[in-house]
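# Residue-level structure breakdown
Here are the chains, one letter per residue:
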Amino acid sequence: MDPLSLKKLNAARAVREAIALVTDLGDGRDRVVKEGDPVAGELGDALARTFQTGKSGVVTVDGRDFFINVHLPPPRLVVIGAVHISQAMAPMAALAGYDMEIIDPRTAFATPERFEGVRLDADWPEDVLKLRPLDPYCALCAVTHDPKIDDYPLKAALEAKCFYVGALGSRKTHGKRVERLLAEGVPQTAIDTIAAPIGLDIGASSPAEIAVAVLAQVIEAFRKREIVSGKAAA
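An account of the accompanying structure is given in this report. Just so it is clear, the model here is predicted, and its values are computed rather than measured.

### What about the overall build of the protein?
- What the protein contains, in helices and strands, is 8 helices and 11 strands.
- Summarising its shape, the C-alpha atoms of the protein cover approximately 60 × 40 × 35 Å along the three principal directions.
- Per-residue burial over the protein gives 47% buried out of 234 residues.
- Considering only residue pairs separated by 6 or more positions, the protein has 59% of its internal contacts joining residues 24 or more positions apart.
- Accessible area of the protein: about 12100 Å², with a carbon and sulfur share of 55%.
- Computed over 28 positive and 32 negative side-chain charges, the inter-centroid distance for the protein is 1 Å.

Structure, rendered in structure tokens:
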């Protein structure tokens, strides 16, 4: 591998950018491609598919074989609210390969005993997210029902273009939430991307069932997320 390519790979991974090393198996030359970089023709299509699936492999383009070694940031699942749904979701998220963390300033709920082995911040979301900002490889679930806690991270998630943004609550509750976000200057088009009521419509009622519905919706959003192919004119 070209030392410059290695330097680019390490730099991108350090800041949670999706990146791929494309190696021509005929002559051994390689180059680094970030998600969204312009790449012409069939190779651009192949790269888009690889960024979508996260699976490395060999592709053949115009009779030439390329190995695409893709590096996606691990999906980060940020849950606002140390509630029963969060407790049920934590072990499921770990099994699905998501780095889950919980933020809740209510210290009566956000206790290590209730969330063993999970990153837990008993602090206000605005303080936590300033230190660990959201990005497009993050999913955010707001489940406290408290606007003072939920609204800031929802706005931050939309601004960061998180691949999933969901909020617990009835349609009436969400209607009031929409009014508050609009008053904060959030565009209606961005607000429309919030999954509310949160979770797939499977008739879930218990906290564990709701956790299944939410995590399934997160996974669906991640696997079907829009990829900027960066395809250039041939």
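Having seen the model, we can carry on.
### What to know about the sheet that holds strand 2 (residues 30–34)
- Pairing is antiparallel across the open sheet formed by 4 strands, whose spatial order is 2-1-5-4. Looking at which strands have only one partner, the edges of the open sheet turn out to be strand 2 and strand 4 (57–61). Direction aside, the axes of adjacent strands within the sheet are offset by 30 degrees on average.
- Two elements, strand 1 (residues 19–24) and strand 5 (residues 64–71), share 6 bridges in a ladder whose sense is antiparallel. In the strand pairing of strand 5, Ile19 is matched with His71.
- Sheet strands touched by helix 2 (residues 41–53): strand 1, strand 2, strand 4 and strand 5. Its angle to strand 5, the strand with the most contacts, is close to 30 degrees.

### A short note on the pattern of salt bridges
- Taken as a whole and judged by the stated rule, the model has 13 salt bridges.
- With its nearest N and O atoms 2.7 Å apart, the salt bridge here joins Lys155 to Glu159. Highlighted residues: Lys155 and Glu159, both in helix 5 (residues 147–159), separated by 4 residues, approximately one helical turn.
- Looking at Lys155, the relative accessible area reads 21%, which means it is partly exposed.
- Taken together, the salt bridges that share partners define one network made up of Arg76, Glu101, Arg119, Asp121 and Arg132.

### Thoughts on the packing of helix 5 against helix 6 (residues 171–183)
- Across the interface, helix 5 lies against helix 6 with an axial gap of 11 Å and an inter-helix angle of 60 degrees. Here helix 5 lies oblique to helix 6, going by the angle between them. Helix 6 is crossed by helix 5, and the crossing has right-handed handedness. Counting all contacts with helix 5, which are made through Pro147, Asp151, Leu154 and Lys155, the residues of helix 6 involved are Arg177, Arg180 and Leu181.
- Classifying every residue of the contact of helix 5 with helix 6 gives 3 nonpolar, no polar and 4 charged.

### Side note on the side chain of Asp150
- With respect to the secondary-structure elements, Asp150 resides in helix 5.
- Arg177 is the oppositely charged side chain nearest to the buried, salt-bridge-free Asp150, at an N-O distance of 4.8 Å.
- Discounting residues that sit within four places of it in the chain, Asp150 has contacts with Ile80, Ala142, Val143, Thr144 and His145.

### Quick notes on the sheet that holds strand 10 (residues 164–167)
- Taken together, the 5 strands give an open sheet; going across it, the order is 8-7-6-9-10, and neighbouring strands pair in parallel fashion. Since the sheet does not close on itself, it has two edges, and those belong to strand 8 (119–121) and strand 10, each with one partner. Taken pair by pair, the neighbouring strands of this sheet meet at an average axis angle of 15 degrees, ignoring direction.

### Comments concerning the side chain of Asp135
- Structurally, Asp135 is set in the loop between helix 4 (125–131) and strand 9 (138–142).
- Of the polar contacts made by the side chain of Asp135, one reaches the backbone nitrogen of Tyr137; its length is 2.7 Å.
- Setting aside residues up to four positions removed in sequence, Asp135 forms contacts with Arg16, Ala160 and Cys162.

The rules behind these values
Residues numbered from 1 in each chain as written. Predicted model: local features only at pLDDT ≥ 70, side-chain atom pairs only at ≥ 80, totals over all residues. Heavy atoms only, no water. Helix = DSSP H or I, 4+ residues; strand = E, 2+ residues; numbered from the N terminus. Buried < 20%, exposed > 50% of the residue type's maximum accessible area, 1.4 Å probe, protein only. Contact = heavy atoms within 4.5 Å. Areas by Shrake-Rupley, 256 points an atom, 1.4 Å probe, with all protein chains shown as cover. Lys, Arg positive; Asp, Glu negative; His and termini not counted. Charge placed at Lys NZ, Arg CZ, Asp CG, Glu CD. Pairing = 2+ DSSP bridges. Axes fitted to C-alpha atoms, helices over the stretch in contact; angles between N-to-C directions. Salt bridge = Lys/Arg side-chain N within 4 Å of Asp/Glu carboxyl O. Parallel < 35°, antiparallel > 145°, perpendicular 65-115°, else oblique. Left-handed = near helix turned anticlockwise from the far one by under 90°. Nonpolar A, V, L, I, M, F, W, Y, C, P; charged D, E, K, R; others polar. Polar contact = N/O pair within 3.5 Å; in protein donor to acceptor, adjacent residues only side chain to side chain.

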